[in-house]
Amino acid sequence: MAQKIILTIVACMVAMVGYAKDPQRGYRGFVDWENTLGYMNTTNDVDGYHRGYEWLSGVTTSHGYQFNSHIFLGAGTGIVPALSAAYVMFPVFVDFRYDYSHRKFRPFGDVRIGYNISDGFYMSPTIGYRLNWGRKMNVNFGVGMTLLGMTDEISTHSSDVYHPSSKKRRYAETFFTLRIGIDF
């Protein structure tokens, strides 16, 4: 039922909007609803540690300068909690975006590179499509991936009972990403 409602809302938005205008030189801001799905190590209240699929859903925003009708460079942040585990992604990033336009065809590509305060490295490239929504706003639909640096505590066996040892293991996880947002 929820899927039908979401599809209906998206169809209405697409029907209401026409083609997007070219971005103008100067300040430009974005607010996005970010949905990320991937396989990761997490902890939860029920069974403690587990490895499984997690859905992270939250808000990101970036603000910066549009140099011409194609190139945007800005900085951003966000808060994207996992829906079923005790994990929250807090990315702080530099955002590079390239808007292409050919008549009514308005795709874009962007790359966010930075640091996830929760664990480490953060990178998220996406491609998508931009639609006009009023005089000064556009709606953006993007798909891509997110690469997160992760850290786990690994306990090692030690003969010393009073000083158990542990190591930190660093690795990367890849997630599928869907972003729906506005720019102004």
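Computed from a predicted structure; not experimentally measured.

Rules behind the numbers
- Residues numbered from 1 in each chain as written.
- Predicted model: local features only at pLDDT ≥ 70, side-chain atom pairs only at ≥ 80, totals over all residues.
- Heavy atoms only, no water.
- Helix = DSSP H or I, 4+ residues; strand = E, 2+ residues; numbered from the N terminus.
- Contact = heavy atoms within 4.5 Å.
- Buried < 20%, exposed > 50% of the residue type's maximum accessible area, 1.4 Å probe, protein only.
- Pairing = 2+ DSSP bridges.
- Patch = residues over 30% accessible without salt bridge, like charges linked within 9 Å, V, L, I, M, F, W, Y side chains within 5 Å.
- Areas by Shrake-Rupley, 256 points an atom, 1.4 Å probe, with all protein chains shown as cover.
- Salt bridge = Lys/Arg side-chain N within 4 Å of Asp/Glu carboxyl O.

(A) Broad picture of the environment of Phe-175. If you trace the backbone, Phe-175 turns up in strand S9 (residues 165–183). Note: C-alpha distance between Phe-175 and Asn-35 (140 residues apart in sequence) is 9.7 Å. The contacts of Phe-175, once residues within four sequence positions are left out, are Thr-36, Leu-37, Gly-38, Tyr-39, Met-40, Leu-56, Gly-144, Met-145, Thr-146 and Leu-148.

(B) Spatial organisation of the environment of Ile-71. In this structure, Ile-71 sits in strand S3 (residues 71–81). Assessed through its relative accessible area of 30%, Ile-71 is described here as partly exposed. Considering only alpha carbons, one finds Ile-71 and Phe-96, 25 residues apart in sequence, at a separation of 7.6 Å. In contact with Ile-71, not counting residues within four places along its chain, are Tyr-65, Gln-66, Phe-96, Arg-97 and Tyr-98.

(C) Just the pairing of strand S5 (residues 91–99), in detail. Burial of the side chains of S5 is restricted to one face: Pro-91, Phe-93, Asp-95, Arg-97 and Asp-99 are buried, whereas none of Val-92, Val-94, Phe-96 and Tyr-98 on the reverse face is. Sheet topology places S3 next to S5; 7 bridges connect them, and they run antiparallel. Bridge assignment links Phe-72 to a residue of S5, and that residue is Arg-97. Sheet topology places S5 next to strand S6 (residues 107–116); 9 bridges connect them, and they run antiparallel. Paired with Pro-91 across the strands is Asn-116, a residue of S6.

(D) Structural context of the environment of Phe-90. Considering the arrangement of structural elements, one finds Phe-90 in the loop between strand S4 (88–89) and S5. In sequence terms Phe-90 and Thr-60 are 30 residues apart; their C-alpha atoms lie 9.2 Å from each other. If near-sequence neighbours (up to four positions away) are discounted, Phe-90 is found in contact with Gly-78, Ile-79, Tyr-115, Asn-116, Ile-117 and Ser-118.

(E) Quick look at the pairing of strand S7 (residues 120–132). In the sheet, S6 pairs with S7 via 10 bridges, with the strands oriented antiparallel. The residue bridging Gly-109 from the neighbouring strand is Ile-127, located in S7. Taken together, S6 and the strand that follows it, S7, pair antiparallel across an intervening segment of 3 residues.

(F) Quick peek at a nonpolar patch on the surface. Taken together, the side chains of Leu-37, Tyr-39, Tyr-53, Trp-55, Leu-83, Ile-127, Val-143, Phe-176 and Leu-178 define a hydrophobic patch exposed on the protein surface, amounting to about 930 Å² of accessible area. Within the residue set of the nonpolar patch, elements represented by two or more residues are strand S1 (26–44), strand S2 (48–66) and S9. Structurally, the position occupied by Tyr-53 is in strand S2. Overall, the relative accessible area of 63% leaves Tyr-53 in the exposed class.

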